[in-house]
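Each chain is listed here by its residues.
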Amino acid sequence: MRLQLWGVAFVLPALLFFVFFKYGPMGWAFWLSFTSYDMLAPPRFVGVANFAGLAGDPVFLQSLQNTLVYIVASTTLVTLVALLLALAVSTRVPGARVCMSGIFLTNVMPIIAVCLVWRFLLHPHGLVNQLLAPFGAGRIDWLTSDATAMPAIVLVTVWRFAPYFMVVFVAALAAIPAEYYEAAAIDGTRGLNRFRYITLPLLLPQLFFVIVVAALLSARLFLMPYIITGGGPGGATRVLSMLIYETGFSYLKMGRAAAISVVLFAIVLALTLAQMKLFMRHEET
Amino acid sequence: MGRRLLRWLGLVPLAGLTVLVLLPVLWMLSTSFQASEKMFQLAMEWIPAVWHPENYPNALHRAPFPLFFTNSLIVSTVVMVGNVVFCTLAGYGLAKFRFPGDRFALLAILSTLMLPLEVTLVPTFLIVHSLGWLNTYQGIFAPLLVDAFGIFLMRQFVLGVPSDYLQAARIDGAGELRILWKIVLPQCKPALAVLALFAFRDSWDQFLWPLAVVSRDEYRTYPLGLVRFAEDYGNPQTEQMAVAVMATIPVFVLFLLLQRLLKKGFGLTGLKG
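Residues numbered from 1 in each chain as written. Chains lettered and ligands numbered in written order. Predicted model: local features only at pLDDT ≥ 70, side-chain atom pairs only at ≥ 80, totals over all residues.

## Focus on the overall build of chain A
Regarding its fold elements, chain A presents twelve helices and two strands. The secondary structure elements of chain A, listed N-terminal to C-terminal, are α-β-β-α-α-α-α-α-α-α-α-α-α-α. Its C-alpha atoms give chain A principal-axis dimensions of about 75 × 70 × 35 Å. Residues classed as buried in chain A amount to 44% of the 285 residues present. Taking contacts inside chain A between residues at least 6 apart in sequence as the whole, the part at least 24 apart equals 70%. (Helix = DSSP H or I, 4+ residues; strand = E, 2+ residues; numbered from the N terminus. Buried ≥ 20, exposed ≤ 12 C-beta atoms within 10 Å, placed from the backbone. Contact = placed C-beta atoms within 7 Å.)

Below you can see the structure in the form of structure tokens.
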């Protein structure tokens, strides 16, 4: 009994914090999404008018599409590149650990610095085009053409986040007992098959973890397009979090901004549930 | 002998890859010492022909960056301490105590990962506004003080501390806080290092939230100041990079200080639940 009280006492501060700063605000956002509110007059109930307005708003629909494309593309590539990097630095080459620490440095650089640096690198006369020139690439306007702006943002995302998840995979790879590989070698299993039948199944928990966290991270995307492209060209990289900020803080349409928040939350929730379901099914087999 | 040589040869592609990944970091460093008219030359001059270390003091004088950095340091330190304290308490409580609703509490905490500030921006702003906390330090750090990921990390780590130790200490008459301080915490140093680094880094990186609640220079954090600085075309771009390098230093120093512990701790960031 005494111990139960201690347990509650330890957990309670965090729980109260989340009620006040997470669940409370989310509940309030749901309520606000059915109102019209400009912070001057009290909120006025308008039913589903905000959502109906969004459904017919091309700017919102484009931002929604951008967000979904970005989440899928960046989650896939971040996970893939993180795994490849982890395999590369987990080889028994001398100096591999130093290389890992070096690659991890992309995570030490503040994200605002990352954005400003890449804005220069992706400039038509920037380093990226200089490095690509020997391969016959012309002057690519990465940030100002519809076709390349979003891929450029995804590239910066991969550069920034893949090294973080690499560390997760490295730890998991190190935990795989060497006997498994020795046994496989005796059976003549090598190369890709060894990866497919031994490494990959043992990495599944981490793979699931990385996909979930990377998806949650990419749903929060704001700063990269805000700084690197300003949401342009023509809204090609505007995502929902930017639209929430613009709607709420530039136009003071708090009700409509709350409605966009509800949509963003629905996306995050759907992603998480879908991934949990997929993973559970895999666990059972 | 041949085998050893072969293993060293394997380092060549790996080192090449590392350098390629780090090119943007090297570019930032090099540019921060470069003359401003050399920003967009046809060929990158990696080592400046003439060094311009004065880019650093010049940038600090052109805008109130010392103030912005101080603000960021205050906020990020508070956030780091808050996370270390509250995430440790909650993680310990969830790992080693059974009480009615404990599983629900864990689920409720983990579910908040789906409610980042980007989603709850408008109502959180309205709460901070109604508390009168716009343009204050507490307004910036309050919503960042506890993070579910930190709680999960600490819970996973504390699960690995044998419960027998705790039981034995209780039989010896040690109080619960003393057990946490003397027995649990010393065994959790790697996890605490990871928690501290990421709490500080995430707060140091915050942009959208301070942008929403700060409108006065006195409380502006450095990312807001730096973006403003970058938007003003009169400011040399090399000085932007000088500020970017300075902004990297605190996280880098923290990373170096904690590196030994981090090596043990990183394995835990991907532990299965």
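## Here we look at the overall build of chain B
A count of helical and extended segments in chain B gives 14 helices and zero strands. Counting from the amino terminus, chain B carries its helices and strands in the arrangement α-α-α-α-α-α-α-α-α-α-α-α-α-α. Taken over C-alpha atoms, the radius of gyration comes to 23 Å for chain B, far larger than the 19 Å a tight globule of 273 residues would show. For chain B, the spread of C-alpha atoms along the principal axes amounts to about 70 × 70 × 30 Å. (Rg over C-alpha atoms; globule rule 2.2 N^0.38 Å.)

## Brief notes about the interface of chain B and chain A
Contacts between the two partners involve 70 residues from chain B and, on the opposite side, 73 residues from chain A. In terms of residue count, helix α2 (residues 11–32) of chain B provides more of the side of chain B that touches chain A than any other element does, eleven residues in total. Looking at the side of chain B that touches chain A, its residues break down into 51 nonpolar, twelve polar and seven charged. (Nonpolar A, V, L, I, M, F, W, Y, C, P; charged D, E, K, R; others polar.)

## Some thoughts on the packing of helix α4 (residues 65–96) of chain B against helix α8 (residues 148–159) of chain B
Geometry of a packed helix pair, given as the angle between the helix axes and the separation of the axes. All names here are of chain B. Where α4 contacts α8, the two axes come as close as 7 Å, and the packing angle between them is 50°. With respect to α8, the axis of α4 lies oblique. Considering only the axes of α4 and α8, their crossing is right-handed. Judged by residue contacts, N83, C87, T88, A90, G91, Y92, L94, A95 and K96 of α4 engage G150, I151, M154, R155, V158 and L159 from α8. Looking at side-chain class alone, the contact of α4 with α8 contains nine nonpolar, four polar and two charged residues. (Axes fitted to C-alpha atoms, helices over the stretch in contact; angles between N-to-C directions. Parallel < 35°, antiparallel > 145°, perpendicular 65-115°, else oblique. Left-handed = near helix turned anticlockwise from the far one by under 90°.)

## Quick look at the nonpolar core
Ranked by size, the top nonpolar core spans 170 residues in total, and within it F165(A) and M166(A) carry the most contacts. At 17 residues, the largest contribution of residues to this core is made by helix α7 (residues 146–174) of chain A. (Core = buried A, V, L, I, M, F, W, Y, C linked by C-beta atoms within 7 Å.)

## Considering α2(B)
The terminal C-alpha atoms of α2(B) lie 30 Å apart, and with 22 residues this matches the ideal 32 Å at 1.5 Å per residue to within 8%. In the structure, α2(B) departs most strongly from a straight axis at L22(B), where the bend amounts to approximately 50° and where the proline P24(B) lies between one and four residues downstream. (Expected span 1.5 Å × (residues − 1). Bend = angle between axes of the 7 residues up to and from the residue.)

## So, the environment of G160(B)
Residue and element names in this part refer to chain B. As for its position among the elements, G160 is in the loop between α8 and α9 (163–171). What makes G160 exposed here is the crowd of 12 C-beta atoms within 10 Å. Sequence-wise, G160 and Q187 are 27 residues apart; in three dimensions their C-alpha atoms are separated by 9.3 Å.

## Remarks on unusual backbone geometry
What you tend to see is this: most non-glycine residues have negative phi, and most peptide bonds are trans. Look at the link from G232(A) to P233(A): it is a cis peptide, with omega at -5°. Looking at where P233(A) falls in the secondary structure, it is placed in the loop between α10 (223–229) and α11 (240–250). With a phi close to 55°, L252(A) is a non-glycine residue in the positive phi region. The exposure class assigned to L252(A) is partly exposed, which follows from the 13 C-beta atoms found within 10 Å. For N135(B), which is not a glycine, the phi torsion comes out positive at approximately 55°. On the secondary structure map, N135(B) appears in the loop between α6 (121–130) and α7 (137–141). Overall, N135(B) belongs to the partly exposed group, with 15 C-beta atoms counted inside 10 Å.

## Some points on the confidence of the model for chain A
Summary statistics for chain A give a mean pLDDT of 89 and a share of 99% for residues scoring 70 or more. Averaged pLDDT values for the elements of chain A fall to 81 in helix α8 (residues 178–186) of chain A and rise to 95 in helix α3 (residues 58–89) of chain A. (pLDDT = per-residue confidence, 0-100.)

## A look at the environment of C115(A)
Residue and element names in this part refer to chain A. Of note, C115 is situated in helix α5 (residues 111–121). Note on C115: 25 C-beta atoms within 10 Å, which makes it buried. For the pair formed by C115 and I228, sequence separation is 113 residues and the distance between their alpha carbons is 5.9 Å. For C115, the contacting residues outside a window of four places in its chain are L223, M224, I227 and I228.

## Section: the confidence of the model for chain B
Of the residues in chain B, 95% reach a pLDDT of 70 or more, and the chain-wide mean stands at 89. Scored as a whole, the predicted complex attains pTM 0.90, and scored at its interfaces, ipTM 0.89.

## Regarding the environment of M276(A)
Relative to the helices and strands, M276(A) is located in helix α12 (residues 254–284). In the structure, M276(A) is positioned 68 residues away from F208(A) in sequence and 8.6 Å away in space, judged by C-alpha atoms.

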